[in-house]
Amino acid sequence: MEAKNKDLWIFVETTPEGTAKNVGIELLNSGRELAAKQGGKLVAVVIGYQTDEAVKAASAAGADRVIVVDGEDYARYTTEAYTYALYTLVEKYGPTSMMIGATNNGRDLGPRLACRLKTGLTADCTALDIDEETGNVAWTRPAFGGNLMATIMCPEHRPQLGTVRPGVFKKPEADESRQAEIIREEIAVPEGIICTKLIEVLKEVAGEVVDLEGAEIIVSGGRGVGGPEGFEPIRELAKVLGATVGASRAAVDSGWISHAHQVGQTGKTVGPKIYIACGISGAIQHLAGMSSSDTIIAINKDPDASIFSVADYSIVGDLFEVVPALTEEIKKLRG
């Protein structure tokens, strides 16, 4: 389809309670600059049920305009209903580009929408920019198993579409005084279009629940911990800091800790206030998932470890000596 304007759309995914998920608000933060480069408006698209809180959050996060589709048909995410609604909106308004958070739902929605619109999709992006010569979005994502970063463009089809990992960008400070233009669209889902039915919602699932994306402090272990028991001092440090335990792919692949803790290209992308890397060499796959952290502290006995290239504070030493000593000092400081 032809773009009707130069607007940049951000899909703001909602929870079943009608609030905005973090990734949509994060994307509005990065989208402010990108929309200006494109020469269009920054538009948030909110779909769900009883979404007033999500609409307010999108406006406060910097959206110039918020397009809202609110109804019982959208109370729970379904591929068919959300694709139908977004396709209808894109056909009507014709944005030049659109970004979707790479959540479980976003990874499902993005490809279906791209196919319906007959455009391309760049998935799991970790960086975004606008090419000044062409005005195209430059979507950057890990490629070849994370061994290099590829920048992809979609010069011939519109809208340009991509999914972006949660945690890549920071949430903006909410400005409650902002008043975005609110457009409410009534889009009824045609009879028979939804092929699935929600039977039951399980509040608890088997296995460990680890909130890496929402953590303010993460203490991670890598190959250098040497085995499952090597995570004990890391867990102790995390406990005294009120932090979440993370891990590199090497530690997860070795079976020392569950995949729920994995940070990196094949794990979670995180941006905590403090990231402490213990015994992690700094492979590009791991750096892609944590380099946007506010403060990075690296502990490694190899002075040439790649992790030191992104660290704000570097400690060359044995983690089994450094981490317990650090834990004890923090305990003393906290009384």
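Residues numbered from 1 in each chain as written. Predicted model: local features only at pLDDT ≥ 70, side-chain atom pairs only at ≥ 80, totals over all residues. Heavy atoms only, no water.

Applicable threshold: UniProt positions are given in the numbering used here, feature names are shortened, and annotations may be inferred rather than shown by experiment.
By the naming in an unreviewed UniProt entry, the protein is Electron transfer flavoprotein subunit alpha/FixB family protein, taken from Candidatus Anaerobutyricum stercoripullorum. You can read under Sequence similarities (unreviewed entry) in the UniProt record for the protein the words "Belongs to the ETF alpha-subunit/FixB family."

## Here's the deal with the packing of helix α3 (residues 79-93) against helix α4 (residues 104-117)
Worth spelling out the cut-off: Between the N-to-C directions of two axes lies an angle of 0 to 180 degrees, each axis being a line fitted to C-alpha atoms and, for a helix, fitted only over the stretch in contact. Every helix listed is a DSSP run of H or I at least four residues long, and every strand listed is a run of E at least two residues long, numbered separately from the N terminus. Any angle that is under 35 degrees is reported as roughly parallel, and any over 145 degrees as roughly antiparallel; angles of 65 to 115 degrees are reported as roughly perpendicular and all others as oblique. Two helices cross in a left-handed way if the nearer one is turned anticlockwise from the farther one by less than a right angle. They cross in a right-handed way if the turn is clockwise. Residue contacts are defined here by distance: any two heavy atoms, one from each residue, within 4.5 Å place the two residues in contact. Three classes are used: nonpolar for Ala, Val, Leu, Ile, Met, Phe, Trp, Tyr, Cys and Pro, charged for Asp, Glu, Lys and Arg, and polar for all others, with Gly counted as polar.
Following both chains from N to C, one finds α3 and α4 inclined at 45 degrees, their axes separated by 10 Å at the closest point. What the angle tells us is that α3 and α4 run oblique. In the crossing of α3 with α4, the sense of the turn from one axis to the other is right-handed. Taken together, the residues of α4 that come into contact with α3 (itself represented by T79, Y82, T83, L86, Y87 and V90) are D108, L109, R112, L113, R116 and L117. Grouping the constituent residues of the contact of α3 with α4 by class yields seven nonpolar, two polar and three charged.

## With respect to the packing of aromatic side chains
Basically, it comes down to this: Each Phe, Tyr or Trp ring, with Trp reduced to its six-membered ring, pairs with another whose centre is within 6.5 Å; inter-plane angles below 30 degrees give stacked pairs, above 60 give edge-to-face pairs, and intermediate values give tilted ones. The cut-offs for exposure are 20% and 50% of the maximum accessible area for each residue type, with area from a 1.4 Å probe on protein chains only; residues under the lower value are buried, those over the upper are exposed, and the others partly exposed.
Applying the stated criterion across every chain, the model contains four aromatic pairs. Consider the rings of F11 and Y82, whose centres lie 6.4 Å apart with planes at 90 degrees: the pair is edge-to-face. With F11 in strand β1 (residues 8-12) and Y82 in helix α3, this pair connects stretches of sequence that are 71 residues apart. Neither F11 nor Y82 differs from the other in exposure class; each is buried.

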